[in-house]
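# A closer look at the structure
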Amino acid sequence: MYLVMMIPGLVLTAIFSYGPLYGIIMAFQDYNPGLGFNGSPWVGMANFQLIFSQSSFVSTIYNTLFMSIGKIVLGTLWSVVFALQLNEIRQNGPKRVYQTIVYIPNFISWVIMAGILTDILGSTGIINEAIMLLGGKPVQFISNRAVFPWTMIVTDAWKTFGFGTVVYLATMTGIDPALYESAVIDGAGRWKQTWYVTLPMLVPIIILMTVLALGNVLSAGFDQVYNLYSPVVYPTGDIIDTYVYRLGLQNGKYAIGTAVGLFKSVVSSILISSSLFIAYKFAGYKVF
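All figures in this text were calculated on a predicted structure; none of them were measured in a lab. (Residues numbered from 1 in each chain as written. Predicted model: local features only at pLDDT ≥ 70, side-chain atom pairs only at ≥ 80, totals over all residues. Heavy atoms only, no water.)

## Let's talk about the nonpolar core
Ranked by size, the top nonpolar core spans 22 residues in total, and within it Y168, M172, L202, I205 and I206 carry the most contacts. Taken together, the elements giving at least two residues each to this core come down to α4 (55-87), α8 (148-173), α9 (177-185) and α10 (190-214). Among the elements that take part in this core, α10 stands out by supplying 6 residues, more than any other. With near-sequence residues (within four places) excluded, L202 lies in contact with L84, Y168, T171 and M172. (Core = buried A, V, L, I, M, F, W, Y, C linked by side-chain atoms within 4.5 Å. Buried < 20%, exposed > 50% of the residue type's maximum accessible area, 1.4 Å probe, protein only. Helix = DSSP H or I, 4+ residues; strand = E, 2+ residues; numbered from the N terminus. Contact = heavy atoms within 4.5 Å.)

## Side note on α10
The largest bend in α10 comes to about 40°, at V203, with the proline P204 one to four residues further on. Among all positions of α10, only Q193, T194, V197, T198, L202, I205, I206, L208 and V211 are buried. (Bend = angle between axes of the 7 residues up to and from the residue.)

## A word on a nonpolar patch on the surface
A surface patch of nonpolar side chains, about 590 Å² in accessible area, is lined by V4, I7, V11, L12, I15 and F16. A relative accessible area of 48% means that L12 is categorised as partly exposed. (Patch = residues over 30% accessible without salt bridge, like charges linked within 9 Å, V, L, I, M, F, W, Y side chains within 5 Å. Areas by Shrake-Rupley, 256 points an atom, 1.4 Å probe, with all protein chains shown as cover. Salt bridge = Lys/Arg side-chain N within 4 Å of Asp/Glu carboxyl O.)

## Brief notes about the confidence of the model for the protein chain
Taken over all residues, the pLDDT of the protein chain has a mean of 86, while the share at 70 or more is 98%. Of all helices and strands in the protein chain, the one with the weakest mean pLDDT is helix α14 (residues 254-283) (81), whereas helix α1 (residues 2-18) scores best (91). (pLDDT = per-residue confidence, 0-100.)

## Here's the deal with the packing of aromatic side chains
In the structure shown here, the tally under the stated rule is 20 aromatic pairs. Note on Y31 and F37: the rings are 5.5 Å apart at their centroids and 35° apart in plane angle, and the pair reads as tilted. Here Y31 falls in the buried class, since its relative accessible area comes to 19%. The exposure class assigned to F37 is partly exposed, which follows from its relative accessible area of 27%. A centroid spacing of 6.2 Å and a plane angle of 85° characterise the contact between Y31 and Y254, whose relative ring orientation is edge-to-face. You can see Y31 sitting in the loop between α1 and α2 (36-39) and its partner Y254 sitting in helix α14, a full 223 residues away along the chain. In this structure Y254 comes out as partly exposed when scored by relative accessible area, which is 33%. One aromatic cluster in this structure is built from F222, Y226, Y229, Y234 and Y245. The ring of Y234 carries the charged tip of R246 above its face, separated from the ring centre by 4.0 Å. (Phe/Tyr/Trp six-rings, centres within 6.5 Å; stacked < 30°, edge-to-face > 60°. Lys NZ or Arg CZ within 6 Å of the ring centre and 35° of its normal.)

Have a look at this one:
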């Protein structure tokens, strides 16, 4: 009966996930929508040679890696630090309130969040108003090429660190109280208990979360970047997903866009497989 219950899901997966894979052949064609898949001329690896010869694509890969790694590092650090702080609160009421507050942004879509951040980070937003009150000059967080990638990293960490906080707090609740009792007997205060007991017990889950995140390092957050960037910041703000969207859909270069997407998919598959292997070796996590 359980296998029968899986049939609808398998059918939908076959239709929407495996069926469209036939379109990958566009990456090896000079695709013309009027001629279709079968009528478009075959060009082999010419599309891949073209994209790798463009400096804009190389900078796009750099932007993607920079933002992704920055989000992973800052998000992990932020989550761990906040979880440790919440763990020091002994009253369950305030702890749950703070935990809920930081977790709420996870449920807000980037479409809505982009509007909020545009108002907050704009020239007349609350952040720049505070900077000017302190005697500084306004910062163009969204339209400055040098600042935009950092804005993406910080805002993503702010929006998502609540999820990591919940994960790390759940891990802390599973730590054996006897370890803390032994540390107290040895004369350890709250700081040393955190340093020598809590953090070492968190290391496996930190490694696991980080390694699994590295598997998607080429996905730097299409929703976030697309809703916040503009042509002014393309050189430093364009990532692979937005590059494929603009090139393939907006400019009508379907073959080249497919080639870029296929490149990303192949590399991502290798990274995900490698991350699962590393997670199994260092954290004992395995899918099968």
